[in-house]
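An overview of the molecular structure
Residue strings, one per chain:
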Amino acid sequence: MTASSVRFEVDGNVAELALARPDKRNAVHEAMVREIGAFFSDPPPAVRAAVLVADGDHFCAGLDLDDHSRRSAFETMEHSRLWHRAFAAIEHGRIPLVAALHGAVVGGGLELALTAHVRIAERSAFYALPEGRLGIFVGGGASVRVGRILGPDRMREMMLSGRRLTADEGQRLGLSHELVGPGEAQQRARELAAQIAHNAPLINQLILTALPRIDDMARSDGFWAESLAAAISQSTADAEEGLRAFLEKRPPEFRGE
């Protein structure tokens, strides 16, 4: 499967998506959002994990302003909801996504990056939310995803001032989970995706879908939902295989059963 703005490849049970607009610093436009959303809404059955990388010197410099046309309030809201649906298909889907970040991770690029479940950043990475200085409000989910990681106070300061966070600051604040050297993020992301793909598929899906919902619940409801997820997972053949493999000191062979 190929596209003008995103390149898709599948190797065994791991898919790789590459933002392929290096001449535009991989700026996000509507077609890119639709392509990514379509893939994660209906991924190939054999795929159990995915990697998101980017061509060129930058992960994503934000919204493609050439694609930004004048819209009514209604049209702008519909456009924002398109992003929300596409990014929700990643965040709450069945395939864990590992992102490799370098260079600019800005605006819409930061919104895209934070849909990934694991984020590996190189020291060239920097983060910003310049929308406030452009006279527009974030529309791709940043107020929820960035706000939950940084907190509304720090996000507010970023949007008001437009200042950049360095890779070290982003690592400390939780925008990345691991910081690596120059040129190392993609390989590390591929290694992690391959490792994650060997987890039991149901467990991966429960981690992706149950944890954020439990976070939204009242404490007593969250405890109940946790018990339900544990009961579902421990009644599977994969759970039996995992425990047996541990006792037999061998790698488990999960079949998705």
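Structure first, text after, so check above.
Analysis parameters
Residues numbered from 1 in each chain as written. Predicted model: local features only at pLDDT ≥ 70, side-chain atom pairs only at ≥ 80, totals over all residues. Heavy atoms only, no water. Patch = residues over 30% accessible without salt bridge, like charges linked within 9 Å, V, L, I, M, F, W, Y side chains within 5 Å. Areas by Shrake-Rupley, 256 points an atom, 1.4 Å probe, with all protein chains shown as cover. Salt bridge = Lys/Arg side-chain N within 4 Å of Asp/Glu carboxyl O. Helix = DSSP H or I, 4+ residues; strand = E, 2+ residues; numbered from the N terminus. Buried < 20%, exposed > 50% of the residue type's maximum accessible area, 1.4 Å probe, protein only. Core = buried A, V, L, I, M, F, W, Y, C linked by side-chain atoms within 4.5 Å. Phe/Tyr/Trp six-rings, centres within 6.5 Å; stacked < 30°, edge-to-face > 60°.

**Observations concerning a nonpolar patch on the surface**
A grouping of Leu 65, Leu 134 and Ile 136 is seen on the molecular surface, where their side chains present a nonpolar patch of about 270 Å² in accessible area. Structurally, Ile 136 is set in the loop between helix H4 (131-134) and helix H5 (142-150).

**A short note on unusual backbone geometry**
Unusually for a residue other than glycine, Arg 25 sits at a positive phi of about 55°. Judged by its relative accessible area of 43%, Arg 25 falls in the partly exposed class. The residue Asn 26 is not glycine, and still its phi comes out positive at about 55°. Position of Asn 26 among the secondary structure elements: in the loop between strand S2 (14-19) and helix H1 (30-41).

**Regarding the nonpolar core**
Counting residues in hydrophobic clusters, the biggest one holds 48 residues, and the most contacted among them are Leu 17, Leu 19, Phe 40, Phe 59, Tyr 127 and Leu 129. Residues Val 118, Val 180, Ile 196 and Ala 197 belong to the second largest nonpolar core, which totals 16 residues.

**A word on the packing of aromatic side chains**
Inspection of every chain in the model, using the stated rule, returns 3 aromatic pairs. Ring-pair connections join several aromatic residues into one group, and the members of that group are Phe 8, Phe 39 and Phe 40.

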